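# Summary of the model geometry
Chain residues, written in single-letter form:
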Amino acid sequence: MKFITPSRLSVLAKQLSCEFSGDPDFNITGINEIHVVSHGEITFVDHPKYYDKALASAASVVIIDKKIDCPPGKNLIFHSDPFSIFKKIIEDRISFKPSVSPIHPSAKIGEGTVIQPGVFIGENVVIGKDCLIHANVAIYQNTKIGDRVIIHSNTTIGADAFYMKRRPDAYEKFPTCGTVSIGDDVEIGAGCTVDRGVTDETSIGDGTKLDNQVHVGHDTKIGKHCIVAAQVGISGIVRIEDYALIWGQVGIDRDLTIGKGAVILAQSGVSKTLAGGKSYFGSPAGDSKERMKEYVSIKKIPELLKRVDELEKLLEKQRGK
Amino acid sequence: MKFITPSRLSVLAKQLSCEFSGDPDFNITGINEIHVVSHGEITFVDHPKYYDKALASAASVVIIDKKIDCPPGKNLIFHSDPFSIFKKIIEDRISFKPSVSPIHPSAKIGEGTVIQPGVFIGENVVIGKDCLIHANVAIYQNTKIGDRVIIHSNTTIGADAFYMKRRPDAYEKFPTCGTVSIGDDVEIGAGCTVDRGVTDETSIGDGTKLDNQVHVGHDTKIGKHCIVAAQVGISGIVRIEDYALIWGQVGIDRDLTIGKGAVILAQSGVSKTLAGGKSYFGSPAGDSKERMKEYVSIKKIPELLKRVDELEKLLEKQRGK
Amino acid sequence: MKFITPSRLSVLAKQLSCEFSGDPDFNITGINEIHVVSHGEITFVDHPKYYDKALASAASVVIIDKKIDCPPGKNLIFHSDPFSIFKKIIEDRISFKPSVSPIHPSAKIGEGTVIQPGVFIGENVVIGKDCLIHANVAIYQNTKIGDRVIIHSNTTIGADAFYMKRRPDAYEKFPTCGTVSIGDDVEIGAGCTVDRGVTDETSIGDGTKLDNQVHVGHDTKIGKHCIVAAQVGISGIVRIEDYALIWGQVGIDRDLTIGKGAVILAQSGVSKTLAGGKSYFGSPAGDSKERMKEYVSIKKIPELLKRVDELEKLLEKQRGK
């Protein structure tokens, strides 16, 4: 999330009633999670395990729950609950305004684009030329859609990220302030859900085609010319490179990469980064040929059991001699 | 399903043209399936396997397909097809009335609650304070929603139970007369489906969060502060206790319990009750560490085969001496 | 896709600037993919592997990328890119017209049928008597629905087939010109998606019941009185015979047959044709009892490893003597 106008570190820290360390006149230009933060921006860290990562990140300001010395080129904001401060900074900058009409007057819709009945379009949505948005699609605020994009009925673009912090007794929802960006010539099937980024962008590259009932989590980046078959579930913060081919009902865990041109066979469960140009299968997914062999080998266990029984008997006999 | 006014046993039996046994003046207060029936209510049983369970249940009246002696404290209604009688009693008490406007005039919507465009709200729906119901959500009749609930676009709350009886040639649909009840601070993602109870209630406890494309079957009770990730499918009559954590694409079979704080890893298939406080994986789901070990052990089968071949050759040689 | 008026082979070939071989006066009555093409119709073939199949099919005209002799009773259209010619013939005959009202004036809706608020009904849709179409359902053009059909909220009937051709740099979408046909007494749950046929028909037989979030691909034919539980994904061109029983989250690969009365247990992945009257489980799916035994046998691998270790030690000792 970029700030509309930058905030001075000293002013922001005062507003938040937090101590800080660094350059009081530093101009903060935005706020983002650690995996997407840029120079000039704030991020947060609330676990010693990630202190080094946060301090080595591109972030110019780190909200941290321990009083440490400020490394050169960084600025620190101190608070016992960095998540709550991070959340507060965002909440002060966003506010949900109810829509009074299905298509928000701020929406920009390109020439030749057809919006079928029952479509909802939120604030600041930009849709390119010659698109076809089918009946009863819902597009949340700040979504950007390219040219010649087709979106089928009952699909939801830009719903909130599923991003909660466990507190002792309950889960605290983090406000979603990111966006969705969809390239040119993309087709999205019926009943799909593509969530907004938490603070950054969820994106689908040019020419990529999604079948029905596909789920795309927050901040996931799908490359160009990928094929994603029906009922695939992609978690948040996944990077899928160009020309990937993902078959039906595959599930992909968060924060990993699917390499260029990788093929993932149906119902596989991906829990680790996969190199490009190869074919994968199984749950957890591995090299598809190896996995197929493994599955076939399971059938041989009963026979193996019998053979080992036999060997044991033979040896027993020998020893009995 | 509670009756608006109680029915006398003798009067009801006469309306249904059924013989009965028990107290003719017994006042029946409602009707429910065997797993949720209370004192004062009717249930039915149509298989000898379940006679004992039905007669030992809390039900005050049992519709049964065999003329047996009436146990003390119970009442019996006799019919060769108890399901059809059970169904008739319910059908006589419900009727579908088409909605003429998207938001039924009987709906009660709390202060501060925002209903976005394209939302459908059926008869007798009650929604609490400060909720946000996103565009194109459909909420069927008799649903009760707490305060500060968020429901994302294209989600359906309260559709009919998937509950059919196999007849010789076709399936007979049972009319759904139950409800859905959603607690405070619940969030339900986009494209979810939560079915009504058959005769009772489907419920989601305070603070529970559902990601996108989650399915919750009829009469399932999800506790408080649970997390249910995207594309999870939960059958009917499931009990999920507080603080359960269910990852993406998990499937849960009907009529079982997930204990408090249980963690179910992605793509698992749960076919049995699982104790609380532990982690589960696989299809069928078991202890996650054991299952992981099992999956790793599969890779060793080819090597095992070779080793057993070798052993057999050695012994063959020995015996040949 | 049937042509409204037949096309003469010579005239059509001239329009397409293609050479042809056969009877110039042959009247072409329609166009269809190879697996559903009938006498009188055109199909295409663009891979030597399928030449024989195409020439042996019922098609009267085959668009082919090799100059071969015309077999008796057939006609050939020659082009280096048969897919593009096939596509062009269809595109010339269909055109998307935006809907100006949620229910197209051409829709025919039977007596006693209730259409709830927010439903979209496209051009030339026919719905029978006493149906109940719940809020926010979307029904695309040319869909035919029988009597007493129930469709729950946020379901999409008749979206485009997921049918793309890989070109060197991108995927080319094939225009969907087929239809959907739904029999009598069918129930379709909430959040389902049923795609149109590519050139032919996707169909669901009388009395079949689909639970929530089921996906049915293009040109798939589901028989009568089948049960399909929640979150099942059925690819394109699948044939499911009567009385099949498919449990939750099953995935079914394209172009195969599920025999009459087959039972497929939850989360199974079907990659081959399955005979009727039997029960299946697993991914890939096999005989359910065998698969269950296999899964149990996996637990015995660690013990097997120990036993083989022991045998090897014993033999080592013997040989050391």
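Here the structure is a predicted model, which means the values were calculated and not measured.

On to the overall build of chain A, then. Helix and strand content of chain A: five helices and 34 strands. Seen through its C-alpha atoms, chain A measures out along the principal axes to roughly 90 × 60 × 35 Å. Relative to its full complement of 321 residues, chain A shows a buried share of 58%. Counting contacts in chain A only where the partners sit at least 6 residues apart, residues at least 24 apart contribute 24% of the total. With the model as given, the accessible surface of chain A reaches about 13,100 Å², and the carbon-plus-sulfur share is 53%. Looking at charge distribution, chain A has the averaged site of its 40 positive side-chain charges lying 5 Å from that of its 40 negative ones.

Moving on, we get to the environment of C:S7. Residues and elements named next belong to chain C. When you line up the elements, S7 lands in strand β1 (residues 2–8). Judged by relative accessible area, S7 falls into the buried class, the value being 12%. Along the primary structure S7 and I34 are separated by 27 residues, whereas in three dimensions their C-alpha atoms are 19 Å apart. For S7, the side chain forms a polar contact with the side chain of R93, separated by 2.9 Å.

As a further point, take the interface of chain A and chain B. Residue-level contacts link 53 residues of chain A with 42 residues of chain B. Roughly 3,800 Å² is buried in total at the junction of chain A and chain B, and carbon and sulfur atoms are behind 60% of that figure. Sorting the residues of chain A by area buried against chain B places A:F162, A:Y171 and A:R307 first, and these three jointly supply 18% of that buried surface. At the boundary of chain A with chain B, the tally comes to four salt bridges. Across the pair B:E187 and A:K173 runs a salt bridge, and its minimum N-O distance is 2.8 Å. Connecting chain A to chain B are 30 residue pairs in polar contact (both at pLDDT 80 or more). Counting residues per element, the ones that place at least two in the side of chain A that touches chain B are β15 (156–159), β16 (164–166), β17 (171–173), β20 (193–195), α4 (288–298) and α5 (301–320) of chain A. If one sorts the elements of the side of chain A that touches chain B by residue count, α5(A) sits on top with eight residues.

Looking now at the relation of the copies chain A and chain B. For the pair chain A and chain B, the best superposition has an RMSD of 0.1 Å and corresponds to a rotation of 120 degrees with a translation of 0.1 Å parallel to the axis. Taken together, the turn and the small shift mark the pair as related by a three-fold rotation axis. Measuring from the rotation axis to each C-alpha of chain A, the shortest distance belongs to A:N154, at 3.4 Å.

The residue B:V137 is located in the loop between β11 (132–133) and β12 (138–139) in this model. Among the residues examined, B:V137 registers a relative accessible area of 0% and is labelled buried. A sequence separation of 130 residues divides B:V137 from B:S7, and the C-alpha atoms of the two residues are 37 Å apart. Here B:V137 is in contact with B:G118, B:V119, B:F120, B:I151, B:H152, B:S153, B:N154, B:T155 and C:N136, once residues within four sequence places are set aside.

In this section: the packing of aromatic side chains. Per the counting criterion, the structure on display carries 19 aromatic pairs over all chains. Taken together through their ring pairs, the aromatic side chains of A:F44, A:F83, A:F86, A:Y163 and A:F174 make up a single cluster. Positioned above the aromatic ring of B:F3 is the side chain of B:R93, whose terminal nitrogen or guanidinium carbon lies 4.2 Å from the ring centre.

Another point: the confidence of the model for chain A. The share of residues in chain A with pLDDT of 70 or more is 100%, and the mean pLDDT across the chain is 95. Predicted as a complex, the structure gets a pTM of 0.95 and an ipTM equal to 0.94.

Residues and elements named next belong to chain B. Read from one edge to the other, the open sheet built from six strands follows the order β1-β3-β4-β5-β6-β2, with strand pairing classed as mixed. Unpaired on one side and paired on the other, β1 (2–8) and β2 (19–21) mark the two borders of the sheet. The average angle at which neighbouring strand axes cross in this sheet is 35 degrees, direction not considered. In this structure, strand β5 (residues 61–64) lies alongside strand β6 (residues 75–78), joined through four bridges in parallel fashion. Of the residues in β6, the one forming a bridge with I64 is F78. Each of β1, β3 (27–31), β4 (41–45) and β5 is contacted by helix α3 (residues 82–91), which is oriented at about 150 degrees to β4, the strand it contacts most.

Here we come to the pattern of salt bridges. Counted under the stated rule, the structure contains 63 salt bridges over all chains. A salt bridge links A:E172 to A:K87; its shortest N-O distance comes to 2.8 Å. Within this pair, whereas A:E172 is found in strand β17, its partner A:K87 is found in helix α3 (residues 82–91), the two being separated by 85 residues in sequence. Between C:R239 and C:D255 there is a salt bridge, with the nearest N and O atoms lying 3.4 Å from each other. With C:R239 in strand β27 (residues 239–240) and C:D255 in the loop between β29 (251–252) and β30 (257–258), this pair connects stretches of sequence that are 16 residues apart. With a relative accessible area of 32%, C:R239 lands in the partly exposed category. A network of salt bridges, in which partner residues are shared, links A:D81, A:K87, A:E91, A:R167 and A:E172.

Time to look at the interface of chain B and chain C. Each partner contributes residues to the interface: chain B has 53 residues there, and chain C has 42 residues. Sorting the residues of chain B by area buried against chain C places B:F162, B:Y171 and B:R307 first, and these three jointly supply 18% of that buried surface. For the pair chain B and chain C, the number of links is four salt bridges. With its nearest N and O atoms 3.4 Å apart, the salt bridge here joins C:K299 to B:E294. Tallying contributions element by element places helix α5 (residues 301–320) of chain B first for the side of chain B that touches chain C, with eight residues. Among the residues forming the side of chain B that touches chain C, the class breakdown is 23 nonpolar, 21 polar and nine charged.

Our next topic: the packing of α5(A) against α5(B). Where α5(A) meets α5(B), the axes come as close as 11 Å, and the angle between the chain directions of the two elements is 30 degrees. On the basis of the axis angle, α5(A) is roughly parallel to α5(B). By crossing handedness, the relation of α5(A) to α5(B) is classed as left-handed. Listed contacts from α5(B) to A:I301, A:L304, A:R307, A:V308, A:L311, A:L314, A:L315 and A:Q318 of α5(A) are B:I301, B:L304, B:L305, B:V308, B:D309, B:L311, B:E312, B:L315, B:Q318 and B:R319. In the contact of α5(A) with α5(B), the residues fall into 12 nonpolar, two polar and four charged.

Following the sequence through the fold, B:Q267 ends up in the loop between β31 (263–264) and β32 (269–270). Polar side-chain contacts of B:Q267 include one of 2.9 Å to the side chain of B:Q249. Setting aside chain neighbours within four positions, we find B:Q267 in contact with A:Q249, A:V250, A:G251, A:Q267, A:S268, A:G269, A:S283, B:G248, B:Q249, B:V250 and C:Q267.

Another aspect to go through is helix α3 (residues 82–91) of chain C. Counting buried positions along α3(C) gives seven out of 10 residues, so the element sits mostly inside the fold. For α3(C), every residue scored as buried is listed here: C:P82, C:F83, C:I85, C:F86, C:K87, C:I89 and C:I90.

Another aspect to go through is the environment of B:C131. All names here are of chain B. With respect to the helices and strands, C131 occurs in the loop between β10 (126–127) and β11. Separated by 97 residues in the primary sequence, C131 and V228 place their C-alpha atoms 20 Å from one another. For C131, the residues in contact, after removing those within four places along its chain, are G112, T113, V114, I145, G146, D147, R148 and V149.

The subject of this paragraph is α5(B). For α5(B), spanning 20 residues, the distance from its first C-alpha to its last is 28 Å, which sits close to the expected 28 Å at 1.5 Å a residue. Within α5(B), burial applies to B:I301, B:L304, B:L305, B:R307, B:V308, B:L311, B:L314, B:L315 and B:Q318.

Let us now look at the domain arrangement of chain A. Residues and elements named next belong to chain A. Entries for chain A in the domain assignment read domain 1 (2–91) and domain 2 (108–292). In this structure, domain 1 and domain 2 have C-alpha centres spaced 30 Å apart. In this assembly, 14 residues from domain 1 lie in contact with 13 residues from domain 2. Interface of domain 1 and domain 2: buried area, both sides summed, is about 1,200 Å²; carbon and sulfur atoms make up 60% of it. If you sort the residues of domain 1 by the area they bury against domain 2, E33, F83 and K87 come out on top, with a joint share of 43%. Counting the contacts that link domain 1 with domain 2 gives three salt bridges. The salt bridge involving R167 is made with D81; its shortest N-O contact spans 2.9 Å. On the surface where domain 1 and domain 2 come into contact, there are seven residue pairs in polar contact (both at pLDDT 80 or more). Per element, the largest residue contribution to the side of domain 1 that touches domain 2 is six residues, and it comes from α3.

The rules behind these values
- Residues numbered from 1 in each chain as written.
- Chains lettered and ligands numbered in written order.
- Predicted model: local features only at pLDDT ≥ 70, side-chain atom pairs only at ≥ 80, totals over all residues.
- Heavy atoms only, no water.
- Helix = DSSP H or I, 4+ residues; strand = E, 2+ residues; numbered from the N terminus.
- Buried < 20%, exposed > 50% of the residue type's maximum accessible area, 1.4 Å probe, protein only.
- Contact = heavy atoms within 4.5 Å.
- Areas by Shrake-Rupley, 256 points an atom, 1.4 Å probe, with all protein chains shown as cover.
- Lys, Arg positive; Asp, Glu negative; His and termini not counted.
- Charge placed at Lys NZ, Arg CZ, Asp CG, Glu CD.
- Polar contact = N/O pair within 3.5 Å; in protein donor to acceptor, adjacent residues only side chain to side chain.
- Buried area = accessible area lost by both parts, 1.4 Å probe.
- Salt bridge = Lys/Arg side-chain N within 4 Å of Asp/Glu carboxyl O.
- Least-squares fit on C-alpha atoms with pLDDT ≥ 70 in both.
- Phe/Tyr/Trp six-rings, centres within 6.5 Å; stacked < 30°, edge-to-face > 60°.
- Lys NZ or Arg CZ within 6 Å of the ring centre and 35° of its normal.
- pLDDT = per-residue confidence, 0-100.
- Pairing = 2+ DSSP bridges.
- Axes fitted to C-alpha atoms, helices over the stretch in contact; angles between N-to-C directions.
- Nonpolar A, V, L, I, M, F, W, Y, C, P; charged D, E, K, R; others polar.
- Parallel < 35°, antiparallel > 145°, perpendicular 65-115°, else oblique.
- Left-handed = near helix turned anticlockwise from the far one by under 90°.
- Expected span 1.5 Å × (residues − 1).
- Domains from an automatic or database assignment.

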